[in-house]
Amino acid sequence: MFSFNCIANCVHASIDLSGHLSKGAMHPSMSDFNILKSFNIKGHSPTPSKVIDVLLQPLLLGWLKCNIDGATQGYPGRAAKGGVFRNSLGSFVGTFADLYRVASSFHAKLLAAIKAMEIAYNNGWFHLWLEVDSKLVVYAFNSPHIVPWSIRNRKKKCISLSSDMHFCIFHVFRKDNTCADSLAAFGVHSSIFHWWDYSPFFLFSDLGRNKSCIPSYRFHWGIALLVIPALGLVWSLERPFC
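Residues numbered from 1 in each chain as written. Predicted model: local features only at pLDDT ≥ 70, side-chain atom pairs only at ≥ 80, totals over all residues. Heavy atoms only, no water.

**Student:** Would you mind going over the nonpolar core with me for this structure?
**Tutor:** Nonpolar side chains in soluble globular proteins tend to be buried together. Counting 30 residues, the largest nonpolar core has Cys-66, Ile-68, Phe-85, Leu-110, Leu-128, Leu-130 and Val-137 as its most contacted members. Broken down by element, this core gets its largest block of residues, 11 residues, from helix α3 (residues 105–122). Formed by 7 residues, the second largest nonpolar core is a distinct cluster that contains Ala-97, Leu-183, Trp-196 and Leu-203. (Core = buried A, V, L, I, M, F, W, Y, C linked by side-chain atoms within 4.5 Å. Buried < 20%, exposed > 50% of the residue type's maximum accessible area, 1.4 Å probe, protein only. Helix = DSSP H or I, 4+ residues; strand = E, 2+ residues; numbered from the N terminus.)

**Student:** Help me understand the confidence of the model for the protein in this model?
**Tutor:** Any region with low pLDDT has predicted coordinates that should not be read closely. Residue-level pLDDT values for the protein average 76, and 67% of them are 70 or greater. At the level of individual helices and strands, the protein shows its lowest average pLDDT in strand β9 (residues 225–228), which scores 40, and its highest in strand β7 (residues 194–196), which scores 93. Every residue in residues 221–242 scores below 50 in pLDDT, and together they form 65 contacts with partners more than four places removed in sequence or on other chains. (pLDDT = per-residue confidence, 0-100. Contact = heavy atoms within 4.5 Å.)

**Student:** How should the packing of aromatic side chains be read in this particular structure?
**Tutor:** The description of two aromatic rings rests on the distance between their centres and on the angle between their planes. Across all of its chains, the model carries 12 aromatic pairs by this definition. Between Trp-63 and Trp-129, the ring centres sit 6.4 Å apart and the planes meet at 85°, which makes this aromatic pair edge-to-face. One end of the pair, Trp-63, is in the loop between β1 (50–54) and β2 (64–74); the other, Trp-129, is in strand β5 (residues 127–132), and 66 residues separate them in sequence. Since its relative accessible area comes to 25%, Trp-129 is described here as partly exposed. Between Phe-96 and Phe-193, the ring centres sit 6.4 Å apart and the planes meet at 20°, which makes this aromatic pair stacked. A residue pair is termed long-range when its members are at least 10 positions apart, and Phe-96 in strand β4 (residues 92–103) and Phe-193 in the loop between α6 (178–188) and β7 qualify at 97 residues. (Phe/Tyr/Trp six-rings, centres within 6.5 Å; stacked < 30°, edge-to-face > 60°.)

**Student:** Teacher, can you tell me more about the environment of Leu-128 here?
**Tutor:** Looking at the element boundaries, Leu-128 is found in strand β5. Look at Leu-128 and you get buried, because its relative accessible area is 0%. Aside from chain neighbours lying at most four places away, what touches Leu-128 is Trp-63, Leu-64, Cys-66, Phe-85, Ala-116, Met-117, Ala-120, Met-165, His-166, Phe-167 and Cys-168.

**Student:** Looking at this structure, I do not really get empty space enclosed by the protein. What am I missing?
**Tutor:** To find leftover empty space, a probe the size of one water molecule is rolled over the atoms. Here the structure, examined in full by the defined rule, presents 2 cavities of 30 Å³ or more. Counted as a void, the second largest cavity has a volume near 30 Å³. Residue lining of the second largest cavity: Asn-67, Arg-86, Lys-175, Asp-176, Asn-177, Thr-178, Cys-179 and Asn-210, and that is the complete set. Class assignment for the residues of the lining of the second largest cavity results in 1 nonpolar, 4 polar and 3 charged. (1 Å grid on protein atoms, 1.4 Å probe; cavity = no way out; pocket = protein on both sides within 12 Å on 5 of 7 lines; lining within 4 Å. Points joined across faces, edges and corners; volume = space filled by probe spheres on them. Nonpolar A, V, L, I, M, F, W, Y, C, P; charged D, E, K, R; others polar.)

**Student:** Looking at this model, I keep getting lost on the side chain of Ser-162. Mind explaining?
**Tutor:** Inspection of the secondary structure puts Ser-162 in helix α5 (residues 152–162). The exposure class of Ser-162 is buried, given its relative accessible area of 15%. For Ser-162, the residues in contact, after removing those within four places along its chain, are Met-117 and Phe-167.

**Student:** Is there a simple way to explain the pairing of strand β3 (residues 77–86) in this structure?
**Tutor:** Remark: a regular strand shows side chains that alternate across the two faces of the sheet. Counting buried residues along β3, 9 of its 10 residues qualify, which places the element largely inside the surrounding structure. Relative to β3, β2 is paired through 10 bridges, and the arrangement is antiparallel. The partner of Gly-70 across the bridge, within β3, is Lys-81. (Pairing = 2+ DSSP bridges.)

**Student:** Whenever I open this one, the packing of α6 against helix α7 (residues 204–211) confuses me. Can you help?
**Tutor:** What describes two packed helices is the angle between their axes and the distance between those same axes. Here α6 crosses α7 at 165°, and the two axes come no closer than 9 Å. Between α6 and α7, the angle is such that the two are roughly antiparallel. In this structure, α6 meets α7 at a crossing whose hand is left-handed. In this structure, α6 uses Thr-178, Cys-179 and Ser-182 to contact α7, whose residues at the interface are Asp-206, Leu-207 and Asn-210. Broken down by class, the residue content of the contact of α6 with α7 amounts to 2 nonpolar, 3 polar and 1 charged. (Axes fitted to C-alpha atoms, helices over the stretch in contact; angles between N-to-C directions. Parallel < 35°, antiparallel > 145°, perpendicular 65-115°, else oblique. Left-handed = near helix turned anticlockwise from the far one by under 90°.)

**Student:** I would appreciate a short explanation of the packing of α3 against α5 in the present structure.
**Tutor:** The N-to-C vectors of α3 and α5 enclose an angle of 40°; their axes lie 10 Å apart at closest approach. Judged by the angle between their axes, α3 and α5 are oblique. The handedness of the crossing between α3 and α5 is left-handed. For the pair α3 and α5, contact is made by Leu-111, Ile-114, Lys-115, Met-117, Glu-118 and Tyr-121 and by Arg-154, Lys-155, Cys-158, Leu-161 and Ser-162, respectively. Partitioned by chemical class, the residues of the contact of α3 with α5 number 6 nonpolar, 1 polar and 4 charged.

Below is the structure:
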């Protein structure tokens, strides 16, 4: 009768041999890398089938752009929102980060949009261009029924403010929203509302890249397969845009 260790060694050896013979590409993720590493298999990095340049888009004179984002710890969990205002030349105007109670990521991102509109209105910035990396948030401004009931009244007040503004909201790639993402992450670990009239130190790099029109890149990895015939395993490594 075979012992457990003997069977485990046979399986490990079979996977090791099959893995080295496979020409499939791994996911660009640490979890896949660790799995392959545990079986002593050398991973094959994927080749992106499409690469998209992501650049900060200029605005019309007199408009302000605000990139917004939300972040949570857990689902739902401790949530925060953040946003950065820039003028039509791409110059820094101001930025905020704020903690919210337990909420989902959608809550946090939608509240970031509402907070940005409130700040703009209170400062007399009546030409506002919002950008967020969530299509659901953009959709919520045209479909009130998907807005969570707990913030529905605040959303209605926000819409009434927009009647006195020139306002629009658009979806952008995550790579084009790194400043707002950093602010939301900062807010999660804070306990008060923060407003900066100057750029906080952790945004220097991203703001500099945007101002200098240095592109970020968005990749599509296509589909690859990792086949291990000895165990009859086929892993689909389909990877969406990231």
